[in-house]
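Fold and contact review
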Amino acid sequence: GGGGGRKRGLFADAEETVAGFKRDVHGKKDLENMVRESSSEINAATKQFLVFLYTDRSKESTNLKDAFVKMAKTYKDAVPFYAVECMAQAEHCRVVEQNVQRFPHLVYYGYGKKLEYGMLEAGAGEAKEDVTEKGIARWLAKVVPGRVEILTSANERLQFLSAEPQKAKIVVLADKEAVPPKLKTLSMDFQHSLALALVSRKQAPDVFAEFAKHSVDLPALFDV
């Protein structure tokens, strides 16, 4: 993306975080190619992205701008965020959704799936809930896939260490139990050769102590 689509509209001052698409036919083609590639299971792993469909006239869109930019920073290097202004770029908008009933409208693409805001499975039907900052955060945490095990007990620790001996194993020590988006993406990209686990100091202090024999700066990575 890039070019003319970023110069005006709600996200003009957030170009580095939330990308746009050129307003011309090339911008539309860029979007069409991304949507097509994301629907393929084969190369979808590196093709996940989120599109924010909005209009400058929609107060709800304007109210969510800062929250969307903040979330884009959280998911940086894991899930690219894009924005399309549907009045100025109606054809681009229709590439994502033929008939948007209300704005803003969010659509996640990745790993062969297209999920509209609130949906956890393709074809599950449109969510009726309003788009909110907390709602977006909860939804993305569920739909962005990952293969990171959360270790909370000595038994889970032993199972992780003994399972899949053919894989390299990395344990991430963190303060909280929320899995960072980038870690989720890595766990998917290297799922056939790498096993990843997360241990929270707050959630599982005993397991944490088994890995951190001395004081460590968090997050910390241990090759086990």
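Quick note: structure is the one above.
Read on for an overview of the structure. These numbers come from a predicted model, not from an experiment. (Residues numbered from 1 in each chain as written. Predicted model: local features only at pLDDT ≥ 70, side-chain atom pairs only at ≥ 80, totals over all residues. Heavy atoms only, no water.)

**Here's the deal with unusual backbone geometry**
In the segment running from F103 into P104, the intervening peptide bond is cis, with an omega of -5°. With respect to the secondary-structure elements, P104 resides in the loop between α3 (90–96) and β4 (105–110). Of the consecutive residues L218 and P219, the connecting peptide bond is found in the cis state with omega at -5°. Mapped onto the secondary structure, P219 falls in the loop between α7 (205–211) and β9 (220–223). The backbone of D77 sits at a positive phi, close to 75°, despite the residue not being glycine. Among the secondary structure elements, D77 is positioned in the loop between α2 (59–74) and β3 (81–85). Accessibility expressed as a relative area gives 57% for D77, which makes it exposed. (Helix = DSSP H or I, 4+ residues; strand = E, 2+ residues; numbered from the N terminus. Buried < 20%, exposed > 50% of the residue type's maximum accessible area, 1.4 Å probe, protein only.)

**A word on the sheet that holds β9**
Taken together, four strands build an open sheet; the order of strands is β6-β8-β7-β9 and the sheet is mixed. At either end of the open sheet lies a strand with only one pairing partner, and these are β6 (148–150) and β9. Here the average twist between neighbouring strands, direction ignored, is 25°. In this structure, strand β7 (residues 168–174) lies alongside β9, joined through four bridges in antiparallel fashion. From the neighbouring strand, L173 faces β9, where its bridge partner is A220. Sheet strands in contact with helix α5 (residues 154–162) are β6, β7 and β8 (194–200), and its direction is about 150° off that of β7. Packing of helix α6 (residues 181–189) onto the sheet brings it into contact with β6, β7 and β8, and relative to β8 it is tilted by some 155°. (Pairing = 2+ DSSP bridges. Axes fitted to C-alpha atoms, helices over the stretch in contact; angles between N-to-C directions. Contact = heavy atoms within 4.5 Å.)

**Notes on the side chain of E85**
Mapped onto the fold, E85 is located in strand β3. R23 provides the closest opposite charge to the buried, unpaired E85, separated from it by 5.7 Å. Within the structure, E85 has its side chain in polar contact with the backbone nitrogen of D56 (distance 2.8 Å). Excluding residues that lie within four positions of it along the chain, E85 makes contacts with Y54, T55 and D56. (Lys, Arg positive; Asp, Glu negative; His and termini not counted. Salt bridge = Lys/Arg side-chain N within 4 Å of Asp/Glu carboxyl O. Polar contact = N/O pair within 3.5 Å; in protein donor to acceptor, adjacent residues only side chain to side chain.)

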